[in-house]
Amino acid sequence: MTALIILAVIVVIIVLMYNSLVAKKNQVDNIFAGIDAVLKKRYNLIPNLVSSVQQYMQHERGILEKVTELRSQAMKPGISDEQKIVLDKQITSALGSIMVAVENYPDLKANENVMHLQRSLSEIEAQIAAARRAYNQAVTDYNNAIEMIPTNILANMMHYTRKQVFEITEDERKNVDVGALFKQ
Amino acid sequence: MKSASELTDYYYTELYDSLQELEQERHAVRKKVLTLFGILGALSLLIIAFIYNSCHCFNESFIWIGVGATTIGGFGYRMLVSGYRSGFKEKIIRPLIEAIEKELHYAPDAFIPQSLFQFSHLFDKRVDRFRGNDLVRGQIDGISLQFSDIHAEHRSRDSKGRTHWSTIFQGLFIVADFNKHFKGRTLILPDLAENLFGSYIGGMLQSRNFTKDQLVKMDDPAFEKAFVVYGTDQIEARYILTHTMMQRLLKLKNDTGSKIYVSFNGEKIMIAVDYDKDLFEPTVFASLLSIEQAMGYIRTLRSSIGIVEELKLNEKLWSKV
């Protein structure tokens with residue numbers, strides 16, 4: 001009887017561990033789908049942005065071509081999540097450079113269409129930042145579960161492997177100066 | 001917005017005549033209240049002595065005499081202070097609110113509707129009695145804002161069928177427009193579980209709370225230590241709670257020194273500040289001219305109205321222009 005109870009308890013623990021691992025993996029996939037959706041929204045804006053600024057930005061032609069090329073790579077079907085993460089980082093940096101360059105062209109800065117694109121991009125950036133943070137938390141929970149005892153044994157049997165987090169850019173890594181924030 | 005020291009100056013200079021008048025009224029009311037309490041106390045003691053003399057025993061009737069005296073005292077007190085109370089609200093609180101922001105309207109006897117309180121989803125218990133006062137509403141920097149004192153209570157019965165009232169929430173309830181579009185619901189509650197049981201067991205308890213939405217772990221250790229976040233959408237919760245917003249809410253909690261509950265629902269931010277007492281009420285036993293009293297009223301009014309500025313709710317995101 002005692003042996004039976006112990007066996008039942010062990011089975012319940014294994015089932016709970018298994019379910020928790022599956023839930024964590026699904027949470028990562030689910031949130032990645034959310035990131036994908038906002039990234040696509042940003043990809044859709046890129047052709048408009050490039051066509052609006054290219055007449056003015058003769059000196060920055062290279063960066064405009066690069067962002068177009070990165071976009072077409074990101075839109076290809078079947079690329080892995082890891083590749084998407086790398087491309088997102090490059091696109092974020094390229095778009096940042098374009099926005100900085102816009103500042104040097106007064107006509108462009110005042111252009112209604114460019115202003116609208118800037119607003120839309122900054123809104124999408126806020127959504128992407130939120131999605132990245134949600135994804136990183138889900139990946140951290142998942143990575144912890146597959147590396148910590150005792151779930152790591154089961155995770156190993158299920159062939160679960162570590163997932164990569166989104167690295168934040170240098171600007172975002174800087175400490176927030178709370179004092180200055182409230183003096184604003 | 002005027003600073004606290006400017007408002008204190010205003011309180012003592014512009015409102016000086018009204019304060020003097022009210023202070024005299026307060027002395028008269030205080031005298032009446034003390035007389036009433038004295039008579040009730042003496043009467044109760046007389047009745048108790050009479051009963052004790054006739055039976056030489058202690059019985060349940062003594063308790064009922066106490067309950068009766070307290071109830072009569074409570075009613076009497078309210079009646080005696082009602083004129084002074086409304087004078088105080090009209091002559092002191094209303095001008096103070098107008099001095100802080102002209103666009104705000106004050107209704108001393110109105111309060112935030114129960115439907116809005118329940119729409120926040122901040123408190124799970126069924127609300128059986130809902131009261132409040134001191135409603136302030138209007139626009140600040142184009143943001144619609146309203147707040148009032150609220151007292152929400154729950155009724156329960158014990159095994160002997162006696163009714164008990166327990167407070168669900170008492171304090172300030174603030175509702176304002178939020179500057180981002182969102183569809184779901186995000187709740188920020190004081191982190192009781194982690195404070196009681198530590199981060200590991202507390203975190204486990206929170207994630208298995210089936211009465212709530214999904215647990216949303218935030219990436220700011222100080223915020224995570226003070227609050228627990230539940231939301232219908234993991235991404236949306238982080239879209240609302242940026243690092244800056246988390247810092248601002250933490251500061252709000254530290255400034256008020258009270259438990260705060262925040263709900264983002266229906267494109268509104270709703271904040272409940274647990275003061276456990278009725279605010280903006282006049283004092284009968286302390287002078288209206290004392291600096292602590294004045295600062296108490298000014299600080300509470302200023303921080304409630306200043307919520308729009310403090311949380312930068314007026315900084316509209318591009319999409320919401």
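Keep in mind it's a predicted model, so treat the numbers as computed, not measured.

Peer 1: Describe the overall build of chain B, with residues and values.
Peer 2: For chain B, the count of helices and strands is 10 helices and nine strands. Dimensions of chain B along its principal axes, counting C-alpha atoms only, are 75 × 55 × 30 Å. Within chain B, contacts between residues at least 6 apart in sequence are counted, and of these 69% link residues at least 24 apart. Carbon together with sulfur atoms contributes 56% to the accessible area of chain B, which is approximately 16400 Å² in total. Each charge class in chain B can be summarised by its mean position, and for the 39 positive and 39 negative side chains these summaries are 5 Å apart.

Peer 1: Outline the packing of aromatic side chains, listing residues and values.
Peer 2: Residues and elements named next belong to chain B. Under the criterion given, the structure shown has 17 aromatic pairs over all chains. Through a chain of ring-to-ring contacts, the aromatic side chains of Phe 111, Phe 117, Phe 123, Phe 130, Phe 169, Phe 173 and Tyr 261 assemble into a single cluster. Over the face of the ring belonging to Trp 165 we find Arg 129, whose NZ or CZ atom lies 4.0 Å from the ring centre. The aromatic ring of Tyr 230 is capped on one face by Lys 212, whose charged end is 5.9 Å from the ring centroid.

Peer 1: If you had to explain the sheet that holds strand E3 (residues 143-157) of chain B to someone new, which residues and values would you point to?
Peer 2: Residue and element names in this part refer to chain B. The strand order across the open sheet formed by nine strands is E1-E2-E3-E4-E9-E8-E5-E7-E6, and the pairing between neighbours is antiparallel. In this open sheet, the two strands that pair with only one neighbour each are strand E1 (104-107) and strand E6 (214-216). Each strand axis lies, on average, 20° off the axis of its neighbour in the sheet, ignoring direction. Judged from the seven bridges that link them, strand E4 (residues 163-177) and strand E9 (residues 268-274) form a sheet pairing that is antiparallel. Among the inter-strand pairings, Gly 171 is bridged to a residue of E9, identified as Asp 274. Strands strand E5 (185-190), strand E7 (227-231), strand E8 (259-265) and E9 of the sheet are contacted by helix H8 (residues 243-256), whose axis makes an angle of about 145° with E8. Its contacts with the sheet place helix H9 (residues 291-305) against E1, strand E2 (129-140), E3 and E4, and it is angled at close to 110° to E3.

Peer 1: Let's hear about the interface of chain A and chain B: which residues, and what values?
Peer 2: In this assembly, 19 residues from chain A lie in contact with 20 residues from chain B. Interface area for chain A against chain B, summed over the two sides, is near 1700 Å², with a carbon-plus-sulfur share of 63%. The partner of Asp 219 of chain B in a salt bridge is Arg 133 of chain A, with the nearest N and O atoms 3.0 Å apart. Summed over the shared surface of chain A and chain B, the number is five residue pairs in polar contact (both at pLDDT 80 or more). Counting only elements with at least two residues in the side of chain A that touches chain B, the list comes to helix H1 (2-53), helix H5 (112-147) and helix H8 (178-183) of chain A. Of all the elements, H5 of chain A adds the most residues to the side of chain A that touches chain B, at 11 residues. Its residues assigned to classes, the side of chain A that touches chain B comprises nine nonpolar, six polar and four charged.

Peer 1: How would you sum up the pairing of E5 of chain B? Please name residues and give values.
Peer 2: Residue and element names in this part refer to chain B. For E5, the tally of buried residues reaches six of six residues, placing the bulk of the element in the interior. Summarising the sheet, E5 and E8 pair through four bridges and their orientation is antiparallel. Bridging from a neighbouring strand, Thr 186 pairs with Phe 264 of E8. As defined by bridge partners, E5 adjoins E7 across five bridges and the pair is classed as antiparallel. In the strand pairing of E7, Thr 186 is matched with Gly 231.

Peer 1: So what's going on with the pattern of salt bridges? Residues and values would help.
Peer 2: A complete count under the given rule lists 24 salt bridges over all chains for this structure. In this structure, the salt-bridge partner of Arg 162 of chain A is Glu 147 of chain A, at a minimum N-O distance of 2.7 Å. Of the two residues, Arg 162 of chain A sits in the loop between helix H6 (151-157) and helix H7 (170-173) while Glu 147 of chain A sits in helix H5, which places them 15 residues apart along the sequence. Among the salt bridges present, the one from Asp 128 of chain B reaches Arg 126 of chain B, with a minimum N-O distance of 2.8 Å. Where salt bridges share partners, they join Arg 42, Asp 88, Glu 125 and Arg 132 of chain A into one cluster.

Peer 1: Requested: an account of the confidence of the model for chain B, with residues and values cited.
Peer 2: Residue and element names in this part refer to chain B. The share of residues in chain B with pLDDT of 70 or more is 93%, and the mean pLDDT across the chain is 88. Mean pLDDT values for the elements of chain B range from 67 in helix H5 (residues 192-207) up to 96 in E5. In the predicted complex, the global pTM is 0.83; the interface-specific ipTM is 0.80.

Peer 1: How would you sum up the nonpolar core? Please name residues and give values.
Peer 2: Tyr 11, Phe 223 and Leu 241 of chain B are the most contacted members of the largest nonpolar core, which totals 64 residues. Considering every element that reaches this core, the biggest residue donor is helix H3 (residues 60-100) of chain B, with nine residues. Not counting chain neighbours up to four residues away, the residues in contact with Leu 241 of chain B comprise Arg 133 of chain A together with Thr 186, Ile 188, Met 218, Phe 223, Val 229, Met 246, Leu 249 and Phe 264 of chain B.

Peer 1: Give a description of the pairing of E9 of chain B that names residues and reports values.
Peer 2: Most of E9 of chain B sits inside the fold, with five of its seven residues counted as buried. Hairpin connection between E8 of chain B and E9 of chain B: a loop of two residues separates the two successive antiparallel strands, and Gly 266 of chain B in this loop has a positive phi of roughly 60°.

Peer 1: Can you break down the packing of helix H1 (residues 4-13) of chain B against H3 of chain B residue by residue, with the values?
Peer 2: All names here are of chain B. Where H1 meets H3, the closest approach of the two axes is 11 Å, and the angle between their N-to-C directions is 140°. By the criterion of interaxial angle, the relationship of H1 to H3 is oblique. Crossing of H1 against H3: the hand is right-handed. Along its contact with H1, which presents Leu 7, Tyr 10 and Tyr 11, the element H3 presents Ile 92, Pro 95, Leu 96, Ala 99 and Ile 100.

Peer 1: Got a sec to walk through the confidence of the model for chain A? Specific residues and values, please.
Peer 2: All names here are of chain A. In this model, chain A carries a mean pLDDT of 85, and residues with pLDDT of at least 70 account for 91%. Within chain A, no element has a lower average pLDDT than H8, which sits at 42, and none a higher one than H1, at 91. In the model, residues 172-184 has pLDDT below 50 throughout and makes nine contacts with residues more than four positions away in sequence or in other chains.

Peer 1: Can you lay out the side chain of Lys 84 of chain A for me, pointing to particular residues and giving the numbers?
Peer 2: In this fold, Lys 84 of chain A is placed in helix H3 (residues 81-102). Discounting residues that sit within four places of it in the chain, Lys 84 of chain A has contacts with Phe 32, Asp 36 and Ile 79 of chain A.

Cut-offs applied
Residues numbered from 1 in each chain as written. Chains lettered and ligands numbered in written order. Predicted model: local features only at pLDDT ≥ 70, side-chain atom pairs only at ≥ 80, totals over all residues. Heavy atoms only, no water. Helix = DSSP H or I, 4+ residues; strand = E, 2+ residues; numbered from the N terminus. Contact = heavy atoms within 4.5 Å. Areas by Shrake-Rupley, 256 points an atom, 1.4 Å probe, with all protein chains shown as cover. Lys, Arg positive; Asp, Glu negative; His and termini not counted. Charge placed at Lys NZ, Arg CZ, Asp CG, Glu CD. Phe/Tyr/Trp six-rings, centres within 6.5 Å; stacked < 30°, edge-to-face > 60°. Lys NZ or Arg CZ within 6 Å of the ring centre and 35° of its normal. Pairing = 2+ DSSP bridges. Axes fitted to C-alpha atoms, helices over the stretch in contact; angles between N-to-C directions. Buried area = accessible area lost by both parts, 1.4 Å probe. Salt bridge = Lys/Arg side-chain N within 4 Å of Asp/Glu carboxyl O. Polar contact = N/O pair within 3.5 Å; in protein donor to acceptor, adjacent residues only side chain to side chain. Nonpolar A, V, L, I, M, F, W, Y, C, P; charged D, E, K, R; others polar. Buried < 20%, exposed > 50% of the residue type's maximum accessible area, 1.4 Å probe, protein only. pLDDT = per-residue confidence, 0-100. Core = buried A, V, L, I, M, F, W, Y, C linked by side-chain atoms within 4.5 Å. Parallel < 35°, antiparallel > 145°, perpendicular 65-115°, else oblique. Left-handed = near helix turned anticlockwise from the far one by under 90°.

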